[in-house]
Amino acid sequence: MERVADGVWLLRGDLRKGMNIYFIEEEGGGVVQFDAGSRGMTKKTRKAAAQLGGLNRVVLGHAHADHRGTAPYMDAPVLCHPDEVAEAEREDPFWPYMDLSLLPVAPVRWIYPFLLRRWDGGAVKIDATVSEGDEVAGFRVIHFPGHAPGLIGLWRERDRVALVSDVVYLIDSARLKPLPEGEASVPHPAFGQSDEQARQSLRKLAALDPAVVGAGHGEPLCGESLRGTLERAAEKP
Ligand SMILES: [Zn+2]
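Residues numbered from 1 in each chain as written. Predicted model: local features only at pLDDT ≥ 70, side-chain atom pairs only at ≥ 80, totals over all residues. Heavy atoms only, no water.

What follows concerns the coordination of the zinc ion. Within the first shell, the zinc ion binds the protein through His62 (NE2), His64 (ND1), His147 (NE2) and Asp166 (OD), at distances of 2.2 to 2.4 Å. Geometry at the zinc ion is irregular, judged from its four donor atoms and the angles of 87 to 177° they form at the metal. In the primary sequence, the donor residues of the zinc ion line up as H-x1-H-x82-H-x18-D. Of this pair, His62 sits in the loop between β5 (55–59) and α2 (65–68) while Asp166 sits in the loop between β11 (161–165) and β12 (171–172); the two residues are 104 residues apart in sequence, bridging distant segments of the chain. Across the pair, exposure class does not vary: His62 and Asp166 are buried alike. (Donors = N, O, S within 2.8 Å, 3.2 Å for Na, K, Ca; no water. Tetrahedral: all angles 85-135°; square planar, octahedral: opposite > 155°, others 65-115°. Helix = DSSP H or I, 4+ residues; strand = E, 2+ residues; numbered from the N terminus. Buried < 20%, exposed > 50% of the residue type's maximum accessible area, 1.4 Å probe, protein only.)

Within the structure shown, the criterion is met by one cavity of 30 Å³ or more. For the lining of the largest cavity, the per-class residue count stands at six nonpolar, three polar and one charged. (1 Å grid on protein atoms, 1.4 Å probe; cavity = no way out; pocket = protein on both sides within 12 Å on 5 of 7 lines; lining within 4 Å. Points joined across faces, edges and corners; volume = space filled by probe spheres on them. Nonpolar A, V, L, I, M, F, W, Y, C, P; charged D, E, K, R; others polar.)

Moving on: the sheet that holds strand β14 (residues 212–215). Pairing is mixed across the open sheet formed by six strands, whose spatial order is β8-β9-β10-β11-β14-β15. The open sheet is flanked by β8 (135–136) and β15 (221–222), the only strands paired with a single partner. With two bridges joining them, β14 and β15 adopt antiparallel strand pairing. Opposite Val213, over in β15, you have Leu221 as the bridge partner. (Pairing = 2+ DSSP bridges.)

Let us now look at helix α6 (residues 226–235). Along an α-helix, a turn takes 3.6 residues, which lines up residues three or four apart on a common side. When we look at burial in α6, the residues that qualify are Leu226, Thr229, Leu230, Ala233 and Ala234. Relative to the axis of α6, the buried residues are bounded by an arc of 135° and lie together on one face. Among the structural elements, α5 (195–207), β14 and β15 are those in contact with the buried residues of α6. (Arc of directions from axis to C-beta. Contact = heavy atoms within 4.5 Å.)

If you trace the seven strands from one edge of the open sheet to the other, you get β1-β2-β3-β4-β5-β6-β7, paired in mixed fashion. The strands lining the two open edges of the sheet, one partner per strand, are β1 (2–5) and β7 (128–129). Two elements, strand β2 (residues 8–13) and strand β3 (residues 19–25), share six bridges in a ladder whose sense is antiparallel. Bridge pairing links Trp9 to Phe23 in β3.

The next subject is the pattern of salt bridges. Side-chain pairs of opposite charge can arise where the charged atoms are in close proximity. In the structure shown here, the tally under the stated rule is 18 salt bridges. Where Asp6 meets Arg158, a salt bridge forms, and the shortest distance between an N and an O atom there is 3.4 Å. Residue Asp6 is located in the loop between β1 and β2, and its partner Arg158 is located in the loop between β10 (152–156) and β11; the two are separated by 152 residues in the primary sequence. A relative accessible area of 41% means that Asp6 is categorised as partly exposed. Classification of Arg158 by relative accessible area gives exposed; the value is 61%. Where salt bridges share partners, they join Glu2, Arg12 and Glu219 into one cluster. (Salt bridge = Lys/Arg side-chain N within 4 Å of Asp/Glu carboxyl O.)

This is the structure:
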């Protein structure tokens, strides 16, 4: 596990270690898990949570297959945004708004249905919801709709740490490879509900002026020019 910030840990797994699960230490002991990666990460995720003092709850950044995969197997309450409940509780991993035909590279277009099924852990029973302004383990919930209607991030003002699930991509999902170092992009519209809203949410993240951004895939972003990187990503065609 990598330490991302004070009391914040990152577990990377699955395809090219591209799936991120974060753990945040809680004052009373134990951790909150933010995002749930893919089903294949279950064993490692359970072990990591136990090492960190036990799992108090799982908070989903959003409910796509590669973000809800371990959630049904963690033996802990699962929370998400109200606008994400219906999809989290769906059995199959294909949402009506996903349009894989928008992916430009044919083999990638063909392999995604297989990958989504492999990553997915199936329907997740949601125990409670969290909305913009709610507190989670010293972080504030922020709503970032677009890529998914109920996509949320966690924001900690005191050290400007943002854990943001798929608000920003550090990988090229249309080609299944990392973006050049220090580059970022808005999530590919093939997977999202609204590209315009996704761009608006990325601008909302940039405006927070974060010092560290932990996304759903790839290494955390940090550094002086981070705000500019996010602003440019939101406007890129
Ligand atoms: Zn996603």
